[in-house]
Amino acid sequence: MTLVKSVLLFMLAALAEIGGAWLIWQGVREQRGAVWIGAGIVALGLYGFVATLQPNADFGRVLAAYGGVFVAGSLGWGMVVDGFRPDRWDVAGALICLLGVAVIMYAPRG
């Protein structure tokens, strides 16, 4: 159950951080205004809170692993929201990052 909880928290954190950054991008670069920017700031704050809920108590480990989730999640967000089509190198890089997440977070430690 701890593994499932951890994976779900990583997914929720990715949604909050990537979504927050995207909202700010839309507010500034696409000139959608302060409401979009404000919503992005709130979402980014939610990301910071969600990260603290990880079962692992090591800040450095959790944030390092989350970096790989962010890479893969950003490509996924771009596909779903912006119509981005990753090439094979994008996919390979994302898979490498997710392998890194698995090693950092879930490798047996003695």
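Remember, it's a predicted structure, so these values are computed and weren't measured experimentally. (Residues numbered from 1 in each chain as written. Predicted model: local features only at pLDDT ≥ 70, side-chain atom pairs only at ≥ 80, totals over all residues. Heavy atoms only, no water.)

Right, let's talk about helix H4 (residues 88–106) for a bit. The end-to-end C-alpha distance of H4 is 26 Å, a good match for the 27 Å that 19 residues give at a rise of 1.5 Å each. All of the buried residues in H4 are Ala94, Val101 and Met105. The buried residues of H4 occupy an angular sector of 10° when projected down its axis, which confines them to one face. Turned more than 90 degrees away from the buried face of H4, the exposed residues are Arg88, Trp89, Leu95, Ile96 and Leu99. Next to the buried residues of H4 lie helix H1 (2–29) and helix H3 (59–82). Structurally, the start of H4 carries an N-cap: the backbone nitrogen of Trp89 is 3.0 Å from a side-chain oxygen of Asp87. (Helix = DSSP H or I, 4+ residues; strand = E, 2+ residues; numbered from the N terminus. Expected span 1.5 Å × (residues − 1). Buried < 20%, exposed > 50% of the residue type's maximum accessible area, 1.4 Å probe, protein only. Arc of directions from axis to C-beta. Contact = heavy atoms within 4.5 Å. Polar contact = N/O pair within 3.5 Å; in protein donor to acceptor, adjacent residues only side chain to side chain.)

A few words on H3. For H3, the complete set of buried residues consists of Val62, Ala65, Tyr66, Gly68, Val69, Ala72, Leu75 and Gly78. Elements that come into contact with the buried residues of H3 comprise H1, helix H2 (34–51) and H4. Gly83 sits one or two positions beyond H3 and adopts a positive phi of about 75°.

This brings us to the UniProt feature "transmembrane region" (unreviewed entry) in the chain. Mapped onto the present numbering, the UniProt feature "transmembrane region" (unreviewed entry) falls on residues 6–25, 34–53, 59–77 and 89–107. Structurally, residues 6–25 is divided into 100% helix and 0% strand, and its ends, taken at the C-alpha atoms, are 28 Å apart. Between the end C-alpha atoms of residues 89–107 the distance is 26 Å, and the span holds 95% helix and 0% strand. (UniProt positions renumbered as here; feature names shortened; annotations may be inferred.)

A few words on the packing of aromatic side chains. Aromatic rings considered in pairs are described by the distance between their centres and by the relative angle of their planes. Evaluation of the coordinates by the stated rule reveals five aromatic pairs. Judged by centre distance (6.0 Å) and plane angle (55°), the rings of Trp22 and Trp36 are tilted. Here the residue Trp22 occupies a position in helix H1, and Trp36 occupies one in helix H2, the gap between them amounting to 14 residues. Between Tyr66 and Phe70 the ring centres are 6.4 Å apart and the planes differ by 55°, which places this aromatic pair in the tilted class. Highlighted residues: Tyr66 and Phe70, both in helix H3, separated by four residues, approximately one helical turn. Classification of Phe70 by relative accessible area gives partly exposed; the value is 32%. (Phe/Tyr/Trp six-rings, centres within 6.5 Å; stacked < 30°, edge-to-face > 60°.)

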